[in-house]
Amino acid sequence: MTEPAVAQETAAPVRRFYVVGLCDALGLGMYLSLSVLFLDKAVELTNHQIGIVLGASGVASLLGAMPIARAAERLGIRAVLGALFAVRCAAFLALAAVASFEQALGAAAVAGLLSRGIGPLIESGLISRVSDARAVGTLARLRTLRNAGMAAGALPAGAAIAVGEAWAHRAVLVASAVLFLCCAAICRGFPATAAAAPGERPERAGVLRNRPFLGITALYGAFTLSALLLGIGVPLWIVQRTQAPSWSVTLIQLLNTVIIVALQVRLSKGSERLARARTLMCLGGLLAGLGALTVPLTALGAGRLDLAVVVVAAVLLSLGELLITAGTTGAALLHIPEGRKTAHLAALNLGFAVTTVIGPPLISTGIGWDWAGWTGWAVFFAALGLIALRVPGPPARPHRDREQAVAAAV
């Protein structure tokens, strides 16, 4: 087979993975933008019940990620990912029809159980047969698409909120379910080999024995508190402690999305090299720290100055988030053995998942400490950046290096 034919043969599955990633993000964007109001207005749950439903979904997501990854390494990504999307479609249809706390709890738990497992499977399928140099760019493009999809998914949710009727909320969840069903159909076109090589059966404790990778995963989880600080801490500060207009919250969210979509791929270049990955993580931590230190400067002014300060802080935190993601992804890929990408990417994703559980109470508590709280976050992120300079290099793998050189030449 000629080289152009090989390239054409591999391009189609890659495009399908991108399409699935985009459709998945659209569906999730619809749900995440609407979930709290749906449970409040359409299902008429109390605040306490809403917290239990969303908490159960989050805990279930932590439990499901690794078993799903191990199943994909044994059965193949095509089969497992298609089944996951079909079940998720059914869960969202059930969620759209719930009328009680018990029903909402069950449907949300099933949907949550699948949520952390699907993303790593899409990522693993994309990079299963490429070199690390190509993988970082490929994953960056996927993250760009998914961020754009999540933002676009908020639009129909916003329309449903504007209508304010229960049927509109339920219609958005049905639309999400239809998108997931489309994803299941597209998965049928994935290559059957998009999983571990035949005969390879990953050990259950394989990821746990990879200590350098686990260290990077823990570092990534700690670093991503900067993204939660921007998404939770800054909006709370704007509303409670500044005279900036309320639409500033929407502005910084839009600004974050634009920066990520515009710069994700560009800033990821070269992160497959350890020195570059370390530098990106370090700079990301320092920028996040500087952004955290900027936020309380709103105490020095009012009105327009407050708005200018939070915009500068949002830019710094967004750039820090980009550099952190690029650096940790590149460093993590260096420590993933061949044929083990699915489980390792699922474990890396869990670093962020755990942060989303423990981060909100930490951030909301820190906001109450004013300058001391923001200074503490600044020191924390700067220290992480310096620690990142000590991330260990991968073991020598001459066979893999030769394979990647061949892959890069094709």
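Quick summary incoming for the structure in this document. Keep in mind that what you see is a predicted model, and the values were worked out from it rather than measured.

1. So, the overall build of the chain
No. 1: Assigned secondary structure in the chain consists of 14 helices and zero strands.
No. 2: Mapped in sequence order, the helices and strands of the chain form the string α-α-α-α-α-α-α-α-α-α-α-α-α-α.
No. 3: Counting across all 410 residues of the chain, residues that qualify as buried make up 49%.
No. 4: Looking at the chain alone, contacts between residues at least 24 apart form 85% of all its contacts between residues at least 6 apart.

2. Section: the packing of aromatic side chains
No. 1: If you walk through the whole model with that rule in mind, you get eight aromatic pairs.
No. 2: Both rings, one in Tyr-31 and one in Phe-92, keep their centres 5.1 Å apart while their planes meet at 75°; by these two values the pair is edge-to-face. Here Phe-92 lies in helix α3 (residues 77-97) and Tyr-31 lies in helix α1 (residues 3-42), a separation of 61 residues in the sequence. Both residues of the pair, Tyr-31 and Phe-92, belong to the buried class.
No. 3: Of note, Arg-88 hangs over the ring of Phe-180, and the distance from its end group to the ring centre comes to 4.7 Å.

3. So, a nonpolar patch on the surface
No. 1: On the surface, Val-354, Val-357, Ile-358 and Leu-362 cluster together to form a nonpolar patch covering roughly 320 Å² of accessible area.
No. 2: When you line up the elements, Val-357 lands in helix α12 (residues 341-367).
No. 3: According to the relative accessible area criterion, Val-357 is partly exposed, its value standing at 41%.

4. Some details on the packing of helix α2 (residues 47-75) against α3
Two measures define how a pair of helices packs: the angle their axes make with one another and the distance between the axes.
No. 1: Two numbers describe how α2 lies on α3: the axes approach to 7 Å, and their chain directions differ by 135°. As the angle between them shows, α2 and α3 are arranged oblique. Of the residues in α3, those in contact with Ile-68, Ala-71, Ala-72 and Leu-75 of α2 are Ile-77, Ala-79, Val-80 and Leu-84.
No. 2: Taken together, the residues that form the contact of α2 with α3 break down as eight nonpolar, no polar and no charged.

5. Comments concerning the pattern of salt bridges
No. 1: Inspection of the entire model under this criterion finds four salt bridges.
No. 2: For the salt bridge of Arg-88 with Asp-24, the shortest nitrogen-to-oxygen distance reads 2.3 Å. Of the two residues, Arg-88 sits in helix α3 while Asp-24 sits in helix α1, which places them 64 residues apart along the sequence.
No. 3: With a closest N to O distance of 2.1 Å, Arg-241 and Asp-370 form a salt bridge. Taken together, the residues span a long stretch of sequence, with Arg-241 in helix α8 (residues 225-241) and Asp-370 in helix α13 (residues 370-388) at a distance of 129 residues.

Analysis parameters
- Residues numbered from 1 in each chain as written.
- Predicted model: local features only at pLDDT ≥ 70, side-chain atom pairs only at ≥ 80, totals over all residues.
- Heavy atoms only, no water.
- Helix = DSSP H or I, 4+ residues; strand = E, 2+ residues; numbered from the N terminus.
- Buried < 20%, exposed > 50% of the residue type's maximum accessible area, 1.4 Å probe, protein only.
- Contact = heavy atoms within 4.5 Å.
- Phe/Tyr/Trp six-rings, centres within 6.5 Å; stacked < 30°, edge-to-face > 60°.
- Lys NZ or Arg CZ within 6 Å of the ring centre and 35° of its normal.
- Patch = residues over 30% accessible without salt bridge, like charges linked within 9 Å, V, L, I, M, F, W, Y side chains within 5 Å.
- Areas by Shrake-Rupley, 256 points an atom, 1.4 Å probe, with all protein chains shown as cover.
- Salt bridge = Lys/Arg side-chain N within 4 Å of Asp/Glu carboxyl O.
- Axes fitted to C-alpha atoms, helices over the stretch in contact; angles between N-to-C directions.
- Parallel < 35°, antiparallel > 145°, perpendicular 65-115°, else oblique.
- Nonpolar A, V, L, I, M, F, W, Y, C, P; charged D, E, K, R; others polar.

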